[in-house]
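Coordinate analysis (summary)
Chain by chain, the residues run as shown.
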Amino acid sequence: MTAGSDIETEVRQLRDEIRHHNYRYYVLDDPEVPDAEYDRLMHRLAAIEAEHPALVSLDSPTQRVGAEPLAAFGEVRHNVPMLSLGNAFGDDEVEAYDARVRDRLGVDKVEYAAEPKLDGVAISILYRRGLLERAATRGDGVTGEDVTQNVRTVKSVPLRLQGVDYPDVLEVRGEIVMPRAGFEAFNARARASGEKTLVNPRNAAAGSLRQLDPRLTARRPLEVFFYALGECEGGAEALGATHAGILERLRDWGLRVSHLNAVVSGAAGCLGYYGEIGDRRAGLPYDIDGVVYKVNRLDQQKALGFVSRAPRWAIAHKFPAEEEVTTLLDVEFQVGRTGALTPVARLKPVFVGGATVSNATLHNMDEIERKGVHIGDQVIVRRAGDVIPEVAGVVLARRPADARPVILPASCPVCGSDVIRPEGEAAARCTGGLYCAAQRKEAIKHFASRRAMDVEGLGDKLVDQLVECGLVEHVDDLYRLDADQLESLERMGRKSSENLIEALEKSRQTTMARFIFALGVREVGEATARSLAGYFGSLEKLMAAEVDALLEVPDVGPVVAGHVHAFFRQPHNREVIERLLAARIHWDEPEIEAPDESPLAGRSYVLTGTLSAMTRQDAKAALQALGAKVTGSVSTKTTAVIAGDNPGSKVDKAASLDVPVLSEQNFMQLLEQG
Ligand code: IVH
């Protein structure tokens, strides 16, 4: 064997192996190897291809991006038109639909393939002899746009089918979606850099697919699910007798099919499926706007045929919308703990995403200006999953003549202090500090919260009352309350008053890290508070520390150091701390950094992407409990990056620094071992 063919063999093996891992990861949702192993294979393949350009082929897993930007998209005529679906909105409409189908077929019971209705963009992808040849949008159903180069960048779209028994011409149809987490991250980045945000994940997916530069598409977190056939040499019947059976074949060939698909019987089966998927909707990583029922047997589909542009053999059963249009009645400004003014939309109540919404966030003034929101406008309100309702956009065409711009108040709506809008910051702030009742209330809520001093039973409403009636002005006043005073408040009985006093008593025994976090220093979250406690060991040392000393603390940069230093220089803050200590708040001193017997002592992790089993905050806490450090950015000191779904650029950074990347599965093993 010559050296050349050795290389060719290795390239072939690498490609097969990578495709196999893609299939395990995207199609089966069951990866076999950690991401780091996958990355190593990709790197090896890329390195060989760089050295032997003649070996590069278009279906190589490395060849997803590379095409030059286009001037315009070409046109694609769909030989088999891309149809739309009829809609059903309630149980009775589904029952009526099933009755019509049974009637036409002359049968008592019909079997349906039930699927989630994915809220993205329809796509049609043609594989010729197993190779991705062309991808097109739906367009008007007959003519779409050629978006091949962009679709090639979507990692869950195979560039080559696996197996051997696929038809020579196989056109598959599906939906390209942007997962919610990726959408939120995209908007967060856009907000931070002053760019326009996207209204919803569907628009985001559509916009991403219509980029003329494939490199831009490649950066968007898009995913695909397949749910139908287009053209198929030999006919669909050659692949199976049922729709569900055909989707199984697609899955075998490496095409991703939703795991939520099911086969159900009759209208009752459909409605049961609708209920089940509806319950899971908020927890899914991507938006769905309903479910689709398709007559499962192909011979029955054929007998039913089509009406105008929709099949008689399928119907969409829609969920309540997650977006509605309503009137923006007013914009009020809420003042947060750090004085940031958040504009809140007061809306004409509207039922959206399963709840009545009358308030929604507008984020900040920049966002209002970018979206061009006026009071009196018809606005698009979005409430998806657990995300707080937001004003996603304006229907400009419906702007009334008396609509007026939103104006940032010059003085704080709560305390009257000046409002400033620092250069380069999105938030406008009240300058009142602890003079401002709103900031005081928020500071007290933060102080008492679970992750800070953990005062059980001290809810937001109670804090508002305590501040308003003058019983509490600063956090230390909490420890001077007695049960009689509490009992005099609204909705407070003897028992709950005594319980709160007891909870306050309990909170006196804490840790230095919790105490520092509870003080609410700007930009000092739990992790930083822990670093500060671990580094200084005593509060006096921390309070006396100069900026240079603070910069020595792991993960503390100039901004945080500046905030910490300034906080402890304020006489007012020092007084509150003194009074808190006088109120017998204490912890075991010195709090040493993770003792060496901790299983993960000395290791440092970075979390990225969405984990399915826990929030990132919990993951961080779990690692820290084992003595590990968790930091925000990847460096050569990082032990490993833990990557959930849709990880960001941190994974690339890790690869470039040779830092291992752990999957969620590896991470769980790590926790179990620890
Ligand atoms: S089947 C001939 N199945 O919904 C039937 N469509 O409202 C063609 N969609 O254009 C469509 N999930 O973009 C089908 N599981 C699913 C779907 C689905 C989402 C979209 C698709 C279609 C639109 C029709």
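This text gives an overview of the structure that appears in the document. (Residues numbered from 1 in each chain as written. Predicted model: local features only at pLDDT ≥ 70, side-chain atom pairs only at ≥ 80, totals over all residues. Heavy atoms only, no water.)

A few words now on the overall build of the chain. Within the chain one finds 24 helices and 28 strands. Across its three principal directions, the C-alpha atoms of the chain cover 85 × 70 × 50 Å. The buried share of the chain, taken over its 674 residues, is 49%. As displayed, the chain offers around 31900 Å² of accessible surface, 50% of which is attributable to carbon and sulfur atoms. With 80 positive and 100 negative side-chain charges, the chain shows a separation of 3 Å between the mean positions of the two kinds. (Helix = DSSP H or I, 4+ residues; strand = E, 2+ residues; numbered from the N terminus. Buried < 20%, exposed > 50% of the residue type's maximum accessible area, 1.4 Å probe, protein only. Areas by Shrake-Rupley, 256 points an atom, 1.4 Å probe, with all protein chains shown as cover. Lys, Arg positive; Asp, Glu negative; His and termini not counted. Charge placed at Lys NZ, Arg CZ, Asp CG, Glu CD.)

Let us look at the sheet that holds strand S10 (residues 288-295). In a beta sheet, neighbouring strands pair by backbone hydrogen bonds and run either parallel or antiparallel. A sheet is described by the order of its strands in space; here 5 strands give the open sequence S2-S13-S10-S3-S9, paired in mixed fashion. Looking at which strands have only one partner, the edges of the open sheet turn out to be strand S2 (86-88) and strand S9 (262-265). For this sheet, the mean inter-axis angle between neighbouring strands, taken without regard to orientation, is 35°. In this structure, strand S3 (residues 111-118) lies alongside S9, joined through 4 bridges in antiparallel fashion. Directly across from Tyr-112, in S9, lies its bridge partner Val-264. (Pairing = 2+ DSSP bridges. Axes fitted to C-alpha atoms, helices over the stretch in contact; angles between N-to-C directions.)

This next bit is on the packing of helix H20 (residues 558-569) against helix H21 (residues 571-582). Two quantities define a packed helix pair, namely the angle between the axes and the distance from one axis to the other. Running from N to C, H20 and H21 point in directions that differ by 75°, and their axes come no closer than 5 Å. When the axis of H20 is compared with that of H21, the two are roughly perpendicular. Residues Phe-567, Phe-568 and Arg-569 of H20 pack against Pro-571, Asn-573, Arg-574 and Ile-577 of H21. Taken together, the residues that form the contact of H20 with H21 break down as 4 nonpolar, 1 polar and 2 charged. (Parallel < 35°, antiparallel > 145°, perpendicular 65-115°, else oblique. Contact = heavy atoms within 4.5 Å. Nonpolar A, V, L, I, M, F, W, Y, C, P; charged D, E, K, R; others polar.)

All right, on to the pairing of strand S16 (residues 355-361) then. Two strands pair when backbone bridges link them, and strand S15 (residues 340-352) and S16 are joined in this way by 6 bridges, in the antiparallel orientation. Residue pairing for S16: Val-350 is matched across the bridge by Val-357. As consecutive antiparallel partners, S15 and S16 are separated by 2 residues, and within that stretch Gly-353 has a phi angle of approximately 55°, a positive value.

Here the focus is the pairing of S15. Judged from the 7 bridges that link them, strand S14 (residues 323-335) and S15 form a sheet pairing that is antiparallel. If you follow Val-331 over to S15, its bridge partner there is Ala-345. Hairpin connection from S14 to S15: 4 residues lie between these consecutive antiparallel strands, with Gly-339 at a positive phi of about 90°. Where S15 and strand S22 (residues 428-430) come together, 2 bridges link them in antiparallel fashion. Looking at the pairing, Ala-340 lines up with Arg-429 of S22.

Enumeration over the complete set of coordinates arrives at 47 salt bridges. Glu-498 is the partner of Arg-494 in a salt bridge, and the nearest nitrogen-oxygen pair spans 3.0 Å. With Arg-494 and Glu-498 both in helix H15 (residues 494-507) and 4 residues apart, the pair spans about one turn of that helix. Judged by its relative accessible area of 35%, Arg-494 is partly exposed. Using a relative accessible area of 35% as the deciding quantity, one classes Glu-498 as partly exposed. Here the salt bridges do not stand alone but share partners, grouping Asp-16, Arg-19, Asp-59 and Arg-160 into one network. (Salt bridge = Lys/Arg side-chain N within 4 Å of Asp/Glu carboxyl O.)

Our focus in this paragraph is unusual backbone geometry. For residues that are not glycine, phi is negative in most cases, and the peptide bond is trans in most cases. Positive phi, close to 60°, is recorded for Asp-29, a residue that is not glycine. Following the sequence through the fold, Asp-29 ends up in the loop between helix H1 (3-27) and helix H2 (35-51).

Once that is clear, we can look at the packing of aromatic side chains. This structure, assessed with the given rule, holds 10 aromatic pairs. When the centroid spacing of 6.4 Å and the interplanar angle of 85° are considered together, the rings of Tyr-166 and Trp-253 count as edge-to-face. Within this pair, whereas Tyr-166 is found in the loop between helix H4 (148-151) and strand S7 (169-177), its partner Trp-253 is found in the loop between helix H8 (243-252) and S9, the two being separated by 87 residues in sequence. You can call Tyr-166 buried: its relative accessible area is 15%. Aromatic pair Tyr-274 and Phe-319: ring centres 5.0 Å apart, planes at 40°, arrangement tilted. Here Tyr-274, found in helix H9 (residues 266-281), pairs with Phe-319, found in the loop between strand S13 (314-318) and S14; they are 45 residues apart in sequence, far enough to count as distant. (Phe/Tyr/Trp six-rings, centres within 6.5 Å; stacked < 30°, edge-to-face > 60°.)

Around the ligand, the surrounding shell holds 13 residues, and the nearest of these are Glu-115, Leu-118, Glu-175, Tyr-227 and Lys-294. Take Lys-117: an N or O atom from its side chain is 3.1 Å from an oxygen atom of the ligand. The separation between an oxygen atom of the ligand and a polar side-chain atom of Glu-175 is 2.7 Å. Relative to its free-state accessible area of 530 Å², the ligand is covered by the protein chains to the extent of 87%. Of all the elements in the fold, those that place two or more residues in the shell around the ligand are S3 and S10. With 4 residues, the top contributor of residues to the shell around the ligand is S3. For the shell around the ligand, the per-class residue count stands at 9 nonpolar, no polar and 4 charged. (Near = heavy atom within 4 Å. Polar contact = N/O pair within 3.5 Å; in protein donor to acceptor, adjacent residues only side chain to side chain.)

We now examine the sheet that holds strand S4 (residues 121-128). Within the open sheet, the 4 strands sit side by side as S5-S4-S7-S8. Their pairing is antiparallel. The strands lining the two open edges of the sheet, one partner per strand, are strand S5 (131-137) and strand S8 (223-232). On average, each strand axis in the sheet is tilted by 30° relative to the strand beside it, whichever way the strands run. Where S4 lies against S5, 6 bridges are found, and the strand directions are antiparallel. Of the residues in S5, the one forming a bridge with Ile-123 is Thr-137. Sheet strands in contact with helix H6 (residues 201-209) are S4, S5 and S7, and its direction is about 40° off that of S4. Contacting S7 and S8, H8 crosses the sheet at an angle of about 115° to S8.

Over its 12 residues, H20 extends 16 Å from the first C-alpha to the last, a length consistent with the 16 Å expected when each residue adds 1.5 Å. In the core, the buried residues of H20 are packed alongside helix H16 (512-519), helix H17 (526-536), helix H18 (539-544), helix H19 (547-551) and H21. (Expected span 1.5 Å × (residues − 1).)

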